[in-house]
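# Geometric and topological summary
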Amino acid sequence: MSQQQMNNNTSSSNIPVSERYWTLVDKADKKFSKIRDLPYYERNRYDTYFYKVFKVYTQLWKFQQENRQKLVEAGLKRWEIGEIASRIGQLYYGQYMRTSEASYLSEAYIFYEAILTREYFREGSFQDFNLANKQLRFLARFLMVCLVLNRREMVHQLVNQLKMLVDECKRTFQDTDFKEWKLVVQEIVRFLKADTAFMNIRPLRYSLVLDPHPDVLPHVAAPVARKNLRLRDAVLSSYHHNEVKFSELTLDTFRMLQCLEWEPSGSFYLSAGGKSGQNGALGSSPINHSQDIADPTLPPNPRKAVLYRPSLTHFIAVLATICEELPPDGVLLVYLSASGTTGHTLSLSGSGTGINTAENITRDFQSHTIHSDGTSTSSMSSPSNSPNPSASQKKGDCISYHTGCLQFGNRGSGGLNCIYPSDLIPFTRRPLFVIIESDASEVFKAISGAEKGERAALLLSPNCSFPIGSSDASRHSVGSLFTIFLTAPLQAFCLLLGISGSDIEMDTYKHAESLLSSSLNDWGLKLATSDNVDPVWAQILGDPFLRRFLLRFIFCRAVLTLFVQTYNKEEFHPECMPALPDAVSPRTSASQTAVVQLAKLFHATKRFVFTEAIPLPDHINSGTRS
């Protein structure tokens, strides 16, 4: 050891333990404040920052463990230990949001669970208002982690604790307004009521127990699939008035986020009922967290940017950043769910695409100039420009006029809150897979044919949303039916028929799952072996996530095309661009057979219109034709 190192060690040992500890705390706080508000979508740029902040928090945690007794004697409080652990949990969750790596989410859970078990924030929380708020914030953050990790038992436990804590705080701090925390409780209760156990009979994530392994997906012929693309990134955003949400995660974006991840090995099927130990280092819980680890042979989860009610400029900035970072074989998925704004009618050809799409898009670019007063020169920017605004809404949230944009904000502020098809055009220099869930989805057909380099794949919801369930069951209580079809197709089928979880026998449901899985795989094989499948679809069929969305779209289209109440009503049918082969169209024998099999299981064959040539399969004997 050099003389300088010896002198440094000697001088360090002369500094009191408590002083060294608080110096480390101050250093950690400063580094945490620098990264706390960094955007989740600029991943590569900030890797060094996260390495440094993780390093200092690791040092801080290790130091307090090794010197716990001396620090307690010097006045260290239990809540201060909990504060450090909570910061580490926040760091892990933030890193999960930036990378979508499930291991970070699991680490966040371990730290938060230990804080809860050891009650770091509980002591003195009803005497100190600030400490009570720390405990409330901790519970809310832990709730989010458990929700994303699908630990529903812990979610319900935390909701009960949050309710009791808010009530107790209201009694203890009578002069303080806890209105915001009451709203937080209302949000999570409403969220869980909408996202019921019925919606979670099977995991929304890609499960190798239920879904085919990527290695066994049908191979697409090379001349058809000129590229083999993989989903690398996704932008998920929704804006609806009074939509179900918790914090900045809406019900629809939550379901999409779940659907874009690998299911950790066995975690959905194995009980994780154990508790963290009361002693030992934080994070060394006896629970078998190995069941939260995805198969290492699988590719990483696609990275996801969840944008809560973004401004147009923020949305464009995120798209630009992600496109810049997208690898050469990557696809960017864009999911947008919002109401449309009525405006001028586009001239459409018989096929439903613009007569002169490129010209219309150019005109859109010129007309969407935003003035400094927040108004727009575009005739599509205000509902008042519609020939008959009051007539623009039909039953089922249907807009009767062709719409010009998605409304991501309050109406009346012009193009500032509008996302137009033309806003996506510059990003078609990279492969895009676009899902539009809106009563204005039809206008986004204009993207097809106006791309700047790569042809986009488009899945477009029906312009009219069929009301499901009871009269008050709408998007505000269950979310988008189209999104449910893409993320939980069998549940969507049941909801369309008015069937809830309490009405279903599990044997029947499992049989239905098996039939649906078989039909989806058949459609996948037809697409992979088809000579006339469009290269846009062929090049993404090797990606398990995008393939699953496409096959579920085919199922959704078949169901809504054959459903009695939407039969021959194009406004209730989803569309895709470019067109899919006729072999998977809704009126083929194979598609009708897929629907009739499920309909018979649920005694609902009379709810659909089938061709007389389609026989009811004899091997389905779980129910009788109604």
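One structure accompanies this document, and this report is about it. Bear in mind that the values here come from a model prediction, so they are computed numbers and not experimental data.

Judged by how many residues are buried, strand E1 (residues 230–239) sits mostly within the fold: eight of ten residues are covered. Note that E1 and strand E5 (residues 330–338) share nine bridges and pair parallel. Considered in E5, the bridge of Leu231 is made with Val331. Strand direction decides the pairing type here: E1 and strand E4 (residues 303–308), joined by six bridges, are parallel. Its bridge partner lying in E4, Ala234 is registered against Lys304.

Helix H7 (residues 129–149) packs onto helix H6 (residues 102–118) with a crossing angle of 140° between their chain directions and a minimal axis gap of 10 Å. One finds that H6 runs oblique with respect to H7. Every pair of crossing elements has a handedness; the one defined by H6 and H7 is left-handed. Of the residues in H7, those touching H6 at Leu105, Ala108, Tyr109, Tyr112, Glu113, Ile115 and Leu116 are Phe138, Leu139, Arg141, Phe142, Val145, Cys146, Val148 and Leu149. Along the lines of polarity and charge, the residues of the contact of H6 with H7 split into 13 nonpolar, no polar and two charged.

The end-to-end C-alpha distance of H7 is 30 Å, a good match for the 30 Å that 21 residues give at a rise of 1.5 Å each. The buried count for H7 comes to 17 of 21 residues, which makes it a mostly enclosed element. Positive backbone phi, approximately 65°, marks Asn150, located one or two places after H7.

On to the pattern of salt bridges, then. Within this structure, the stated rule accounts for 21 salt bridges. Across the pair Asp195 and Arg152 runs a salt bridge whose closest N-O atoms are separated by 2.4 Å. Here the residue Asp195 occupies a position in the loop between helix H9 (179–194) and E1, and Arg152 occupies one in helix H8 (residues 152–172), the gap between them amounting to 43 residues. Given a relative accessible area of 2%, Asp195 falls into the buried group. Among the ionic pairs, Glu261 bridges to Lys304, the shortest N-O distance being 3.1 Å. Pair noted here: Glu261 is in the loop between helix H10 (251–259) and E4 and Lys304 is in strand E4, with a separation of 43 residues, a long-range link. Neither Glu261 nor Lys304 differs from the other in exposure class; each is buried.

What follows deals with the sheet that holds E4. Ordered by their spatial adjacency, six strands build an open sheet running E4-E1-E5-E11-E12-E13, and the pairing between neighbours is mixed. The strands lining the two open edges of the sheet, one partner per strand, are E4 and strand E13 (575–577). Strand-to-strand twist across the sheet, computed as the mean angle between neighbouring axes with direction ignored, equals 10°.

The rules we used
- Residues numbered from 1 in each chain as written.
- Predicted model: local features only at pLDDT ≥ 70, side-chain atom pairs only at ≥ 80, totals over all residues.
- Heavy atoms only, no water.
- Buried < 20%, exposed > 50% of the residue type's maximum accessible area, 1.4 Å probe, protein only.
- Helix = DSSP H or I, 4+ residues; strand = E, 2+ residues; numbered from the N terminus.
- Pairing = 2+ DSSP bridges.
- Axes fitted to C-alpha atoms, helices over the stretch in contact; angles between N-to-C directions.
- Parallel < 35°, antiparallel > 145°, perpendicular 65-115°, else oblique.
- Left-handed = near helix turned anticlockwise from the far one by under 90°.
- Contact = heavy atoms within 4.5 Å.
- Nonpolar A, V, L, I, M, F, W, Y, C, P; charged D, E, K, R; others polar.
- Expected span 1.5 Å × (residues − 1).
- Salt bridge = Lys/Arg side-chain N within 4 Å of Asp/Glu carboxyl O.

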